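Architecture and fold: a report
What follows is the residue order along each chain.
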Amino acid sequence: MLENFAMLWGGIESLLTVENLLIVLIGTLVGIMIGAIPGIGSLSGCAILLPMTYNFEPTSAIVLLATIYYSTMFGGSISAILLNIPGDSPAVMTALDGYALARKGKAGKALAAATISSFIGGLIGMLILVSTVMWLARFGLNFGNAEMTTLLLLALVSISWLIGDSPVKGIVSTLIGALLGCLGMDAILGTARLNFGNTALMGGIKFAPLVIGAVGFSQVIKMVTEKDVSCDTKLSMRESMLNVHEFMRILPVSLRSGVIGTFVGVLPGAGATTSSFLNYAIQKKTFRSEVPLGEGAIEGIASSESANNAAAAGAFAPLLALGIPGSGTGSILLGGLLMWGLQPGPLLFSTDPGFAWGCIASLFLANGIAVVCAFSMMPLMTRVITISNKILIPTITVVCAVGSFSATESMYGLYIMFFSGIVCYLLDRDGYPMAPLLLSFVLTPLFEKYMRRAFSASAGHVEIFWQSAICKTCLALFVFFLVAPMVKTAVMKRRAARKQSGGNA
Amino acid sequence: MKNLSKYAVPFAVTLTGLFFTVYTVAHYQLYDATMGPMQGALPTGIAALLTLFGLVACFKTRSSEAVPLDLRNWSVVAAVGAVILATHVVGFLPSIFVFLFAWLKFKERLPWKTTIIVTVVMAAFVLGVFVWWMQIPFTPGILFEDLWG
């Protein structure tokens, strides 16, 4: 354990250059703003900014994206509290109590509770991450081709956590992403596959322009008909301070939600949103609050905010140690790692410890800087969140176009961005979720590579997939994740039918 | 017509799945006795499932309401399409800056001051980060090809 903290200190030392500290500061400020502007969110924000990291060395690049991702969790609560519009999905539960408190004239208190609990939750998540990540990476060394195949199968099926209300639409999105991931080149034989004679397609569909189009440009198309938001709340630092009693109200909630939130964040596919919903539900059903939840309870804000920051930190454990992204934004980070020529997974901590620990250390720095920035930016944020769509639409379009061109240094990137933007806008408009599409696009080539290597090593025998204990465990969990949602839906339907028949009687 | 539009996405999904199923079966090997699944196996499986779930989505769409299509959303698509076409003639950077200026001034009818400030800030950002720092070779277009090399 102490060895891990020594490594972390090494990571912090490697970050202590003017360039890296500046990157952490910029990443934190940009992340808070992206999180605060309704409708952009961490997924679009990281996607749009991904091309800007090409000229960075890998450590600085991951530090920028990681701090942006992490800081959006802080920013998401600002518009949720001031406008009742969550900047990002993990802040949905924050809006319930935050906006209620803002309407009572205590917006500053709500923001302070959100910021402090975000800091506590994030810190807990990072401490658990530091304590367990090496163990997870060492455990990951036991993973051969068959084990990785079953683990990726498990990750693919756990995408069901992200598919929302309509399982069919979620599955269609997952399959579209998987099919797109197959285009280009066969990873084992090295021959062209599904490129239809197009040489540009030989290298497959490039991740950066695809993701910029899917979540950036499609969002811009949607924004054209969305109304501007207005905010007439004025905030001051003095009004925003919590007293000792208020701090003691949120402290136990933040600590508990931080621990639970971290473990939810580690699960592939669960992510910050699930964590926030789960902890809010636990707070509501199991614990007492001074004010009922939903009516302006700072305990409600603390449970949601602490949990989503802890989950964002926890999600880095499977990403760095096993190469499995936990969310849509995680898939962008994984795509970035692969793009910079790094192979996330068990060997990352031995082959490139400076990079891995630098990334984790940047979260600690971002957590500290975000608290200071969030408090000092409060008066400014009321203006930032109300930037008119009239300005946002053309400026984001320019960033999308320039970024996607830069990703391939050719018009090919612009074409991918343009067409994926249109297709994903149409899908999104009909309720098809985007996160499963991106996750399966990243995971499918990895799954195919390991699966075919395992088959090849075992001379085509399928038994290789249930020979080791890891494979058996992953397959058992795979079956559980596949069956559990169906059983849950059936049980809920039966309960609803029983309730209805009871009501009729 | 409005009721039929709600089938557009699931129908397109089904057709795409069907096309890829037939194409991969026809062009790639699916299985080898000693190597197991080959290059056609996974795409075929995914495409077949896509066809199946596309049909299920079509069936499920029957009970849902059609989402009205707002043509205003397509204005930005048309604008980026125009940028792509103009890029071949005048190059990428001039096209994108003309788009930004024209959108702010003529589509959104913002005041001259706001339009100029936003255009200058964005131009400084793009030229500073992507041209000067990252040295991205943006397409010059046939008009400026000789000039920019």
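Once a new chain begins, its residue numbering starts again from 1 and follows that chain's sequence as written. A letter from A marks each chain and a number from 1 marks each ligand, given out in the order of writing. Only residues with pLDDT of at least 70 get local features here, since the model is predicted, and only at 80 or more are side-chain atom pairs given and counted; chain-wide, interface and lining totals rely on the full set of residues.

Next up on the list: the overall build of chain A. Here a helix means four or more residues in a row that DSSP labels H or I, a strand means two or more in a row labelled E, and each is numbered from the N terminus. A count of helical and extended segments in chain A gives 20 helices and 2 strands. For chain A, whose C-alpha radius of gyration is 22 Å, the value lies close to the compact-globule estimate of 23 Å for 505 residues. Taken along its principal axes, the extent of the C-alpha atoms in chain A is 70 × 60 × 55 Å. For the purpose of contact definition, each residue receives a C-beta atom placed from its backbone, and two residues are in contact when these atoms lie within 7 Å. Counted over contacts in chain A with a minimum sequence separation of 6, partners at least 24 positions apart contribute 80%. Only C-alpha atoms enter the radius of gyration, while the globule expectation follows 2.2 Å times N to the 0.38, with N the number of residues.

Secondary structure assignment for chain B yields 7 helices and 2 strands. In chain B, the succession of helices and strands from N to C terminus is α-α-β-β-α-α-α-α-α. In terms of C-alpha radius of gyration, chain B reaches 24 Å, well past the compact-globule figure of 15 Å for 149 residues. Principal-axis analysis of the C-alpha atoms gives chain B an extent of 65 × 45 × 25 Å. The proportion of buried residues among the 149 residues of chain B is 31%. A sequence separation of at least 24 residues applies to 56% of the contacts in chain B between residues at least 6 apart. Around each residue's C-beta, the other C-beta atoms within 10 Å are counted; 20 or more make the residue buried, 12 or fewer make it exposed, and counts in between make it partly exposed. All C-beta atoms are placed from the backbone.

Residue and element names in this part refer to chain A. When you line up the elements, Tyr70 lands in helix H4 (residues 58-83). The exposure class of Tyr70 is buried, given the 31 C-beta atoms found within 10 Å. Residues Tyr70 and Phe465 lie 395 residues apart in sequence; the distance between their C-alpha atoms is 36 Å. Those residues in contact with Tyr70, other than ones at most four positions away along the chain, are Gly31, Gly122, Ala312, Leu363 and Ala366.

In this model helix H2 (residues 18-36) of chain A runs 27 Å from its N-terminal to its C-terminal C-alpha over 19 residues, within 8% of the 27 Å that 1.5 Å per residue would give. Residues Asn20, Ile23, Val24, Gly27, Thr28, Gly31, Ile32, Met33, Ile34, Gly35 and Ala36 of chain A constitute the buried set of H2 of chain A. In this scheme, a helix's expected span is set at 1.5 Å multiplied by one less than its residue total.

Another aspect to go through is the interface of chain A and chain B. On the side of chain B, 50 residues touch chain A, which itself brings 49 residues to the contact. Looking at the side of chain A that touches chain B, the elements that each hand over two or more residues are helix H8 (167-182), helix H9 (207-223), helix H17 (389-408), helix H18 (411-429) and helix H19 (435-457) of chain A. Counting residues per element, the side of chain A that touches chain B draws most heavily on H17 of chain A, at 11 residues.

Next up on the list: the nonpolar core. By size, the foremost hydrophobic cluster in this structure holds 199 residues, and its most contacted members are Ile81, Leu152, Leu179, Val211, Ile360 and Ala401 of chain A. The dominant element in this core, judged by the number of residues it contributes, is helix H6 (residues 107-140) of chain A, at 17 residues. Note that the domain bounds reflect an automated or database-derived domain assignment. Shared between two domains, this core holds at least three residues of each, these being domain 1 (2-61) and domain 2 (71-148) of chain B. With residues up to four places along the chain from it excluded, the contact list for Val211 of chain A reads Ala47, Ile332, Gly335 and Leu438 of chain A. Joining buried Ala, Val, Leu, Ile, Met, Phe, Trp, Tyr and Cys residues through C-beta atoms within 7 Å gives a set, and that set is a nonpolar core.

For residues with low pLDDT, the predicted coordinates do not support detailed interpretation. Looking at chain A, pLDDT values average 83 and 91% of them are 70 or higher. For every residue, the predictor states its confidence as a pLDDT score lying anywhere from 0 to 100. Here helix H3 (residues 41-49) of chain A is the element of chain A with the lowest mean pLDDT, 76, and H18 of chain A is the one with the highest, 93.

Size of an interface, as often reported, equals the accessible area lost when the parts are brought together. Along its sequence, chain B is organised into domain 1 (2-61) and domain 2 (71-148). Using only C-alpha atoms to locate each centre, domain 1 of chain B and domain 2 of chain B end up separated by 39 Å.

Okay, the packing of helix H5 (residues 92-103) of chain A against helix H12 (residues 298-314) of chain A next. Residues and elements named next belong to chain A. Geometry is summarised by axes, namely lines fitted to C-alpha atoms with helices restricted to the contacting stretch, and by angles between N-to-C directions that run from 0 to 180 degrees. At their nearest, the axes of H5 and H12 sit 8 Å apart, and the two run at 160 degrees to each other. Classified by the interaxial angle, the pair formed by H5 and H12 is roughly antiparallel. In this structure, H5 meets H12 at a crossing whose hand is left-handed. Taking contact as the criterion, the partners of Met93, Thr94, Leu96, Asp97 and Gly98 in H5 are, on H12, Gly300, Ile301, Ser304 and Glu305. Of the residues belonging to the contact of H5 with H12, the class tally is 3 nonpolar, 4 polar and 2 charged. In what follows, roughly perpendicular refers to angles from 65 to 115 degrees, roughly parallel to angles under 35, roughly antiparallel to angles over 145, and oblique to any angle outside these ranges. Note on convention: the crossing is left-handed when the near helix lies turned anticlockwise from the far helix by less than a right angle, right-handed when the turn is clockwise. Ten residues, namely Ala, Val, Leu, Ile, Met, Phe, Trp, Tyr, Cys and Pro, are considered nonpolar, four, namely Asp, Glu, Lys and Arg, are considered charged, and the remaining ones, Gly among them, are considered polar.

It is worth spelling out H6 of chain A at this point. Throughout, the bend at a residue refers to the angle made by two axes, fitted to the seven residues ending there and to the seven starting there. Taking the largest bend as the criterion, H6 of chain A deviates by roughly 40 degrees, centred on Thr132 of chain A. By the criterion of burial, H6 of chain A is predominantly enclosed, with 26 of the 34 residues buried.

The next subject is the packing of H6 of chain A against helix H10 (residues 244-266) of chain A. Residue and element names in this part refer to chain A. Running from N to C, H6 and H10 point in directions that differ by 40 degrees, and their axes come no closer than 8 Å. Looking at the two axes, H6 sits oblique to H10. Judged by the twist between their axes, the crossing of H6 over H10 is right-handed. Every residue of H10 that contacts H6 at Lys109, Ala113, Ile116, Ser117, Ile120, Gly121, Ile124, Gly125 and Ile128 is listed here: Glu246, Ile250, Ser254, Leu255, Ser257, Gly258, Val259, Gly261, Thr262 and Gly265. Class assignment for the residues of the contact of H6 with H10 results in 8 nonpolar, 9 polar and 2 charged.

A few words on unusual backbone geometry. All names here are of chain A. Positive phi is not limited to glycine here, since Phe196 has a value of about 50 degrees. Classification of Phe196 as exposed rests on a count of 8 C-beta atoms within 10 Å. Positioned with a positive phi, Ala459 is a non-glycine residue whose angle comes to about 55 degrees. Looking at the secondary structure, you find Ala459 in the loop between H19 and helix H20 (469-504). Overall, Ala459 belongs to the exposed group, with 11 C-beta atoms counted inside 10 Å.

Looking at chain B as a whole, the pLDDT averages 90, with 95% of positions reaching at least 70. Mean pLDDT across the elements of chain B ranges from a minimum in helix H1 (residues 2-5) of chain B, with 69, to a maximum in helix H2 (residues 8-27) of chain B, with 96.

The next point concerns the environment of Ser254 of chain A. All names here are of chain A. For Ser254, the location among the structural elements is in helix H10. Assessed through the 32 C-beta atoms surrounding it within 10 Å, Ser254 is described here as buried. Once residues within four sequence positions are removed from consideration, Ser254 is found in contact with Ser117, Ile120, Gly121, Ala302 and Ser306.

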